[in-house]
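# Commentary on secondary and tertiary structure
In case you want the letters, here they are:
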Amino acid sequence: MIPYPPWLNAGDNAWQLAAATLVGLMSIPGIAVLYGGIVQKKWVVNTMLMAFTGFSLVLLVWVLWGYNMGFGKPAHLGPGVLSNFIGVPGTLLGAGTQGQAHIPLLDGGMPDFRFSQATLSYFQFVFAGITPLLFLGSVIGRINFKVWLIFVPLWSTLAYSVNAFLLWGGGWWAQAPRGALDYSGGYVIHLAAGTSGFVAAAVIGPRLARDRARAVPNNLPMAAVGAGILWLGWNGFNGGDPYFAGADASTAVLNTNLATATALLTWLLMDMFFSSQRKPTFLGAVNGMICGLVGITPAAGFVNGFGALLIGLITSAVVWLSWNKLARTRLFQQVDDTLGVVHTHGIAGLTGGLLVGLLADPNVVEYINKDGSPFSSAGLFYGNPKQLAVQAGAALTVIVWDALITFLILKFLSLFMPLRMSDEDLEIGDVAAHEEEAYPDEGLVSSPGGVGRPAAGAPAHRADAEPGAG
Amino acid sequence: MQLITAVTRPATFESIKEALALFGVRGMTVSQVARPSSGSAHIHVYRGLKYTIDTEPSLKIELIASNGEVPDLMHVISKILSVSDPDDGVLWSSSVDILARVRTGEYGLDAL
C-alpha cells in the first residue's frame, strides 16, 4: 500500500522539489553573494538585503494572489488576447495544495502532472522570486529601500504574472497557432529583468558620479561562490522545467552545462584577443558564464547538443560585443545599469529566445503524449520558419509590457516618496541606509557593547552618548 | 635619541628584521602605507572598465635608538635597502625629545 495517491509519482515529485531548491539557492545565497562580492564595499549590505527581502516579498505575493494570476483560470477581460493574458487572482493558503497539480489552460493538452499543487507552485515561485533579484543589479547604489519594498510586489503582480501566463500558463503566446517557446524563462525571467532593470535605472537616475568611476568589486572569492551556485543551481532551473523527471530533463541539464562552458570560454578568448588590455579576466569569465546560462534557458530542452554549443557561443559573443561596444554609446552611458543586467540578461535572453526559433530540433522529445505520440518542437533550420517570427513577437510583447509597467509603477511611487536616496546618504552608503557595514572594524568601535550597555565590570554610564562619539 | 624611519617594499622587511636582530634590536613599529608606484601606474580591469592605480602598498618601519647606535643601525639598513629597494627605499632619522618607557616607569632623556 503506497501511502500517497496513485497520481503522485515519487520520482517526479522528488526531482521537482530538488530542482526548486536548487533554483531557490540561486537566489539565496547565490545572487546575494555574487552581487555582494561584485559591488563596491559601501553597498554590500544594501545589495544583499534587497536580495533577501525581494525574495521574501515575492513569496508572499505568490501565495496570496500571484501564482493564480500566472498559472490559474484565465480572467476574461475582453475578446482574444484579453481573455488569455492573466489569471484570476486567488490564494494558495488552503489544504487544497496537496491535490494534484493543474494548470487549467494546459489540462488535457499535455500529460497530467504527477506531483502536488504545492510542489508546482513552490517550483514556479522560485522563478518568480529570482526575477526581481536580477533587475536589482540595475538599480544598486541609489534606489530608495522603501521603494524597493513596494516596487517588488507590484512588479511581480503586474509584470511577472502576465509574462508567465502568456508563455507558461497556457496564455495567448503559448496557444496554437502561435506556440511560442520559452523553456525555462529566457523571456519570462531574463528578458523581463533586463528590460525592467534598464527602464528602472533610467527613471531612478544614475549613481553618484564618483561611485560610478570607482566601482571596484570588494570580494572576488565571494563572487566566485555565487557564480558557482548559479551555474550548478541552473541544473534545477532548466532540469526542472519539463515537469517530468524524464529524458528531456537530462537533455536540458546536459545542454545547459554545455552552453555555459562554451559561453565562458568564448568570453575569455574574446577578452584575450579583442579587449583593449588583451588579458583573460575572472569577472569576464563569469559574465560569459551568465550569458551561456541565460541564452540556453529558453532552449534547454528543445535543442540538441550542437544547438546548445551554438547558443553558448553566439550568445556570449553577442553580449561581449554589446557589453564592450554598445555600452559606450550615448544612451547606454546615460543610463546607469550598475551591473549591466540589460546585457547579460536582457540581450542574452533575447538572443537565446530567437535562436531557439532557429535551432529547436523535432528529434528532441519533450514528453510522450497520452496517445503515445512524442511531443517536440521545430525551428527554422528544421523546416519551421514560422517559429522565429513567433519568438520575435513574444519577445516584443515582454519588452513593451514590462517597460511600460516598470515605468508606470515607478512614476506612481515617485508621487509619494523619492525614488533615490539623498545625496548625503549616497556618499556614506550602507551605514546611512542600514547602520550596518559589510566589514566592520572592531578596533574602531568606541563604546563596547553599544550605547546603553556598559562593558562587563565597568560602572554603568548614561545611555545618551551618540554611537561612535569620542 | 633618534627615531629611525625606513619606508620600503614589503618584501624587504624580513631582511631588515634579521639584520637588526643581529644587533640585538627587536623592538620596532611597522605600519602599512602606500607610496607612488615605481615604474608606470598599474591598470586594473573589472568587468570591462579600466581603473588606474598609481600607488603600491609599502611598509614603514620605525625604531628608536640612542645617539651612539644610530649611525651603525642606519648604515646597516641603508645597505639592505640599496640591494632590495635601490630606487624607492627611503631612510631618515629625526630627533626624539622625551621617551616614556611604560614597562619600567622610566621617563626622560635616558629612558632607552
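### Some details on the overall build of chain B
On a plain count of helices and strands, chain B comes out with two helices and eight strands. Ordered by position in the sequence, the α and β elements of chain B form the string β-α-β-β-β-β-α-β-β-β. What you see for chain B is a C-alpha radius of gyration of 17 Å, clearly larger than the 13 Å of a compact globule of 112 residues, by over 25%. In terms of overall dimensions, chain B has C-alpha extents of about 60 × 30 × 20 Å along its principal axes. When each of the 112 residues of chain B is scored for burial, the buried share is 16%. Of the contacts made within chain B by residues no fewer than 6 positions apart, 70% connect residues no fewer than 24 positions apart.

### Side note on the interface of chain B and chain A
Counting residues at the interface gives six residues for chain B and nine residues for chain A. With three residues, strand β3 (residues 42–46) of chain B is the largest single contributor of residues to the side of chain B that touches chain A. Of the residues belonging to the side of chain B that touches chain A, the class tally is four nonpolar, one polar and one charged.

### A closer look at the sheet that holds strand β5 (residues 55–65) of chain B
All names here are of chain B. Ordered by their spatial adjacency, four strands build an open sheet running β2-β5-β1-β6, and the pairing between neighbours is antiparallel. For this open sheet the edge positions go to β2 (29–36) and β6 (90–95), each flanked by a neighbour on one side alone. Strand-to-strand twist across the sheet, computed as the mean angle between neighbouring axes with direction ignored, equals 25°. Sheet topology places strand β1 (residues 2–8) next to β6; six bridges connect them, and they run antiparallel. In the sheet register, I4 faces β6, and the bridge partner there is S93. Along the sheet, helix α2 (residues 70–84) makes contact with β1, β5 and β6, crossing β1 at roughly 0°.

### Concerning the confidence of the model for chain B
Residue and element names in this part refer to chain B. Averaged over every residue, the pLDDT of chain B is 89; residues scoring 70 or more account for 96%. Summarising per-element confidence for chain B, the mean pLDDT is lowest in strand β8 (residues 106–108) (77) and highest in β1 (95). Here the predicted complex scores 0.90 on pTM and 0.82 on ipTM.

### Quick look at the packing of helix α9 (residues 282–296) of chain A against helix α12 (residues 341–359) of chain A
Residue and element names in this part refer to chain A. Where α9 contacts α12, the two axes come as close as 7 Å, and the packing angle between them is 40°. The angle between α9 and α12 falls in the class oblique. For α9 against α12, the interelement crossing comes out right-handed. Residue-level inspection shows N287, I290, C291, V294, G295 and I296 of α9 in contact with α12, the latter providing T344, H345, A348, G349, T351 and G352. The residue makeup of the contact of α9 with α12, split by class, is five nonpolar, seven polar and no charged.

### Re the packing of helix α7 (residues 220–239) of chain A against α9 of chain A
Residue and element names in this part refer to chain A. Contact geometry of α7 with α9 gives a least axis separation of 11 Å together with a crossing angle of 15°. Between α7 and α9, the angle falls in the class roughly parallel. Crossing hand, α7 versus α9: left-handed. Residues L220, A223, A227, L230, W231, W234 and N238 of α7 lie in contact with α9, whose contacting residues are F282, V286, M289, L293 and I296.

### Let's talk about the pairing of β1 of chain B
Note: β1 of chain B against β5 of chain B, seven bridges, orientation antiparallel. Within β5 of chain B, the residue paired with V7 of chain B across the bridge is K60 of chain B.

### Overview of the nonpolar core
Ranked by internal contacts, the top residues of the largest apolar core, which has 141 residues, are L167 and A299 of chain A. Setting aside residues up to four positions removed in sequence, A299 of chain A forms contacts with Y183, G307, I311, G352, L355, V356 and L359 of chain A. Within the second largest apolar cluster, twelve residues are counted, among which are I4, A6, I16 and I61 of chain B.

### Brief notes about the confidence of the model for chain A
Low-pLDDT stretches of the model should not have their predicted coordinates read in fine detail. With 95% of its residues at a pLDDT of 70 or more, chain A has an overall mean of 93. In the model, residues 461–470 of chain A has pLDDT below 50 throughout and makes ten contacts with residues more than four positions away in sequence or in other chains.

### Description of the environment of T5 of chain B
Residues and elements named next belong to chain B. Relative to the helices and strands, T5 is located in strand β1. Expressed as a C-alpha distance, the spacing of T5 and W92, which sit 87 residues apart in the sequence, is 5.5 Å. Discounting residues that sit within four places of it in the chain, T5 has contacts with K60, E62 and W92.

Criteria and thresholds
- Chains are numbered independently. Their residues run from 1 in the order of the written sequence.
- As they are written, the chains are lettered A onward and the ligands numbered 1 onward, keeping that order.
- With the structure being a predicted model, the display of local features is reserved for residues of pLDDT at least 70 and the display and counting of side-chain atom pairs for 80 or more, all residues being used for whole-chain, interface and lining totals.
- By the criteria applied, helices consist of DSSP H or I runs no shorter than four residues and strands consist of E runs no shorter than two, each listed in order from the N terminus.
- C-alpha atoms define the radius of gyration, and 2.2 Å times the number of residues to the power 0.38 defines the globule rule.
- Around each residue's C-beta, the other C-beta atoms within 10 Å are counted; 20 or more make the residue buried, 12 or fewer make it exposed, and counts in between make it partly exposed. All C-beta atoms are placed from the backbone.
- Throughout, a pair of residues is in contact if the C-beta atoms placed from their backbones lie within 7 Å.
- Amino acids are sorted into nonpolar (Ala, Val, Leu, Ile, Met, Phe, Trp, Tyr, Cys and Pro), charged (Asp, Glu, Lys and Arg) and polar (every other residue, Gly among them).
- Pairs of strands are assigned from DSSP output, requiring at least two bridges between the strands.
- Helix axes use the C-alpha atoms of the stretch in contact, all axes being lines fitted to C-alpha atoms, and the angles between their N-to-C directions lie in the range 0 to 180 degrees.
- How sure the predictor is of each residue is captured by pLDDT, a score from 0 to 100.
- Any angle from 65 to 115 degrees is called roughly perpendicular, while one under 35 is roughly parallel, one over 145 is roughly antiparallel, and all others are oblique.
- In this scheme the handedness of a crossing depends on how the near helix is turned from the far one: anticlockwise by less than a right angle means left-handed, clockwise means right-handed.
- Connectivity within a nonpolar core runs through C-beta atoms within 7 Å, and the core itself is a set of buried Ala, Val, Leu, Ile, Met, Phe, Trp, Tyr and Cys residues.

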